[in-house]
Amino acid sequence: MHVNRDIDDFDAEGDTLHEECGVFGIYGHPDAAAITALGMHALQHRGQEAAGIVSFDGTRFQSERHLGLVGDNFSDPATIERLKGHSAIGHTRYSTTGATILRNVQPLFAELEGGGFAVAHNGNLTNGLTLRRRLVAEGAICQSTSDTEAILHLVARSRRNRFLDRFIDALRQIEGGYALVSLTNDKLIGARDPLGIRPLVLGELDGQYMLASETCALDIIGARFVRDVENGEVVVISDEGIESHKPFPAMPARPCIFEYVYFSRPDSVVNGRPVYAVRKAIGATLASEAPVDADIVVPVPDSGVPAALGFAQAAGLPYELGIIRNHYVGRTFIEPTQAIRALGVRLKHSANRAVVEGKRIVLIDDSIVRGTTSVKIVQMMRDAGAKEVHFRIASPPIMYPDYYGIDMPDRDKLLAARMSLEEMREFTGVDSLAFVSVDGLYRALGESGRNPHQPQFTDHYFTGDYPTTLTDLTGEPAAQLSLLAEAS
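This report concerns the structure included in the present document. These figures come from a predicted structure and were not determined experimentally. (Residues numbered from 1 in each chain as written. Predicted model: local features only at pLDDT ≥ 70, side-chain atom pairs only at ≥ 80, totals over all residues. Heavy atoms only, no water.)

Observations regarding helix α13 (residues 372–383)
Between its terminal C-alpha atoms α13 stretches 17 Å, which fits the 16 Å expected from 12 residues at 1.5 Å a residue. Counted residue by residue, α13 has 9 buried out of 12 residues, so it is predominantly covered. Along its buried surface, α13 packs onto β17 (323–325), β18 (349–351), α12 (353–356), β19 (360–365), β20 (388–393) and α15 (421–428). Remark: G385 follows α13 within two positions and exhibits a positive phi of approximately 95 degrees. (Helix = DSSP H or I, 4+ residues; strand = E, 2+ residues; numbered from the N terminus. Expected span 1.5 Å × (residues − 1). Buried < 20%, exposed > 50% of the residue type's maximum accessible area, 1.4 Å probe, protein only. Contact = heavy atoms within 4.5 Å.)

Below, the structure is given as structure tokens:
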């Protein structure tokens, strides 16, 4: 059977999962802006399109928002000097909703009745468009195309007296996956969605508290990890210390399982599990589920490296760097001809011929999205003289799109949704192809397997089991509190 490899319009950027966003905030520290910029450096992998910081000096808020990388925009001492104050929040952005334009760059800020309010958001609201239409119909003026702006309007329109109550009132109207950090005149507020889909941690430095998407942002500044913000929790940091509020009915957490497969940095600890150890365990599970007679194990760098190490150790095979990654390539430039465009993947990855030639190799990658990059990398191994290429994937097949903050193609663009395993093997040009099973992935995370009645993680991209109402898709808004009460 011949499978058409539709890769003439090869786009390396369109064949990867983009890393949602990163958020950071600190309260009461004299170097708040500088610390926030350092924390954002550690979270750069979660978004490379734009970055912003908002600070508060006790009198007024300062904002710096720029397109591009943190290091390109927040390394100048003059920039940090403009961000005066003892409190600040920051955001690294990959746009999952809203175009890449400056007015969409976060943190977003508004002057409300009780003072200034800045908010930065990791995730997606699954009723964001529905809320936006309602707000605009009621007279709201939207300055951005980001779903985060709906939160500003909901807080502004709440009739509650205390700001915290207005903030919680807004949370009760939003659905989806979110980790929020917000700054007011006298508070730093963090909030995590009721299922804990998106991560958020609490840290401490010099007696002052901070919030961040991942523990690696605490490590870079020498801060102490205090704990994870719990699912459905609102944390308030002020001069009085820390308050914890639980405005939603208690229910089991379902954190995003892709944080372990791909998004989080390997040196982070997510929901109590070291990411590096989990990825090695996924590789070991893959070796037991889909063994192969081969000479060497080769990772697709960088995200395939820990799983390849785990696979190699479990299989008793040598681990070799058969692909070298160029770390100095950003977004691929617009190539003028098809002949040049076909070379696009080589800007980022090059075969190590001395390692690969004449060998039967096990190629380990974290996932297959559209499959076009996989085709190029496999062909690169063939061109370098690989005798056999066996492909092993450290996640189950991605079958369904995401609506909680992962920039993922529509279902008709996902290779695993369009093809059988054998068709995918032929498409990628490998001698054999296998994915880790869903239960195997859960076992690598320390579970006995997936509980189909109450899944321990958010895993809809593999299973189609979406954990919340998708109001913008279905047009059927749900009262979130009653929905969660039923779920618990």
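Moving on from the model shown.
Re the pattern of salt bridges
On inspection of all chains with the given rule, the structure shows 27 salt bridges. Between D165 and R162 there is a salt bridge, and its shortest N-O distance comes to 3.2 Å. Residue classification places D165 among the partly exposed positions, given a relative accessible area of 26%. The closest approach of N and O atoms between D465 and R254, which form a salt bridge, is 3.9 Å. Of the two residues, D465 is situated in the loop between α17 (460–463) and α18 (471–474) and R254 in the loop between β13 (241–245) and α8 (258–263); the sequence distance between them amounts to 211 residues. Taken together, the salt bridges that share partners define one network made up of R46, R198, E214 and E259. (Salt bridge = Lys/Arg side-chain N within 4 Å of Asp/Glu carboxyl O.)

Focus: the packing of aromatic side chains
Any pair of aromatic rings gets described here by the distance separating the centres and the angle formed by the planes. Here the structure, examined in full by the defined rule, presents 13 aromatic pairs. Measuring from centroid to centroid gives 5.1 Å for F117 and F163, while their planes differ by 65 degrees, and the two rings are edge-to-face. Of this pair, F117 sits in strand β6 (residues 115–125) while F163 sits in helix α6 (residues 163–171), and the two are 46 residues apart along the sequence. Owing to a relative accessible area of 0%, F117 belongs among the buried residues under this scheme. Relative to Y466, the ring of Y403 has its centre 5.7 Å away and its plane inclined at 45 degrees; by these criteria the two rings are tilted. Note that Y403 is positioned in the loop between β20 and α14 (415–418) and Y466 in the loop between α17 and α18, a separation of 63 residues in sequence. Take Y403: its relative accessible area is 27%, and that puts it in the partly exposed class. (Phe/Tyr/Trp six-rings, centres within 6.5 Å; stacked < 30°, edge-to-face > 60°.)

So, the packing of helix α4 (residues 128–137) against helix α5 (residues 148–157)
In contact at an axis separation of 10 Å, α4 and α5 are set at 50 degrees when each is read in the N-to-C sense. Between α4 and α5, the crossing angle belongs to the class labelled oblique. Read as a crossing pair, α4 and α5 show a hand that is left-handed. Residues L131, R132, R134 and L135 of α4 lie in contact with α5, whose contacting residues are E149, A150, H153, L154 and R157. In terms of residue class, the contact of α4 with α5 is made up of 4 nonpolar, 1 polar and 4 charged. (Axes fitted to C-alpha atoms, helices over the stretch in contact; angles between N-to-C directions. Parallel < 35°, antiparallel > 145°, perpendicular 65-115°, else oblique. Left-handed = near helix turned anticlockwise from the far one by under 90°. Nonpolar A, V, L, I, M, F, W, Y, C, P; charged D, E, K, R; others polar.)

Some thoughts on unusual backbone geometry
Following Q106, the chain continues to P107 via a peptide bond in cis, the omega torsion being 5 degrees. Tracing the sequence through the fold places P107 in the loop between β4 (87–93) and β5 (108–112). Each neighbour pair has its own omega, and for P301 with D302 the value is 0 degrees, a cis peptide bond. A positive phi angle, near 50 degrees, is found at N271, a position not held by glycine. Along the chain, N271 turns up in the loop between β14 (269–270) and β15 (273–274). Given a relative accessible area of 21%, N271 falls into the partly exposed group.

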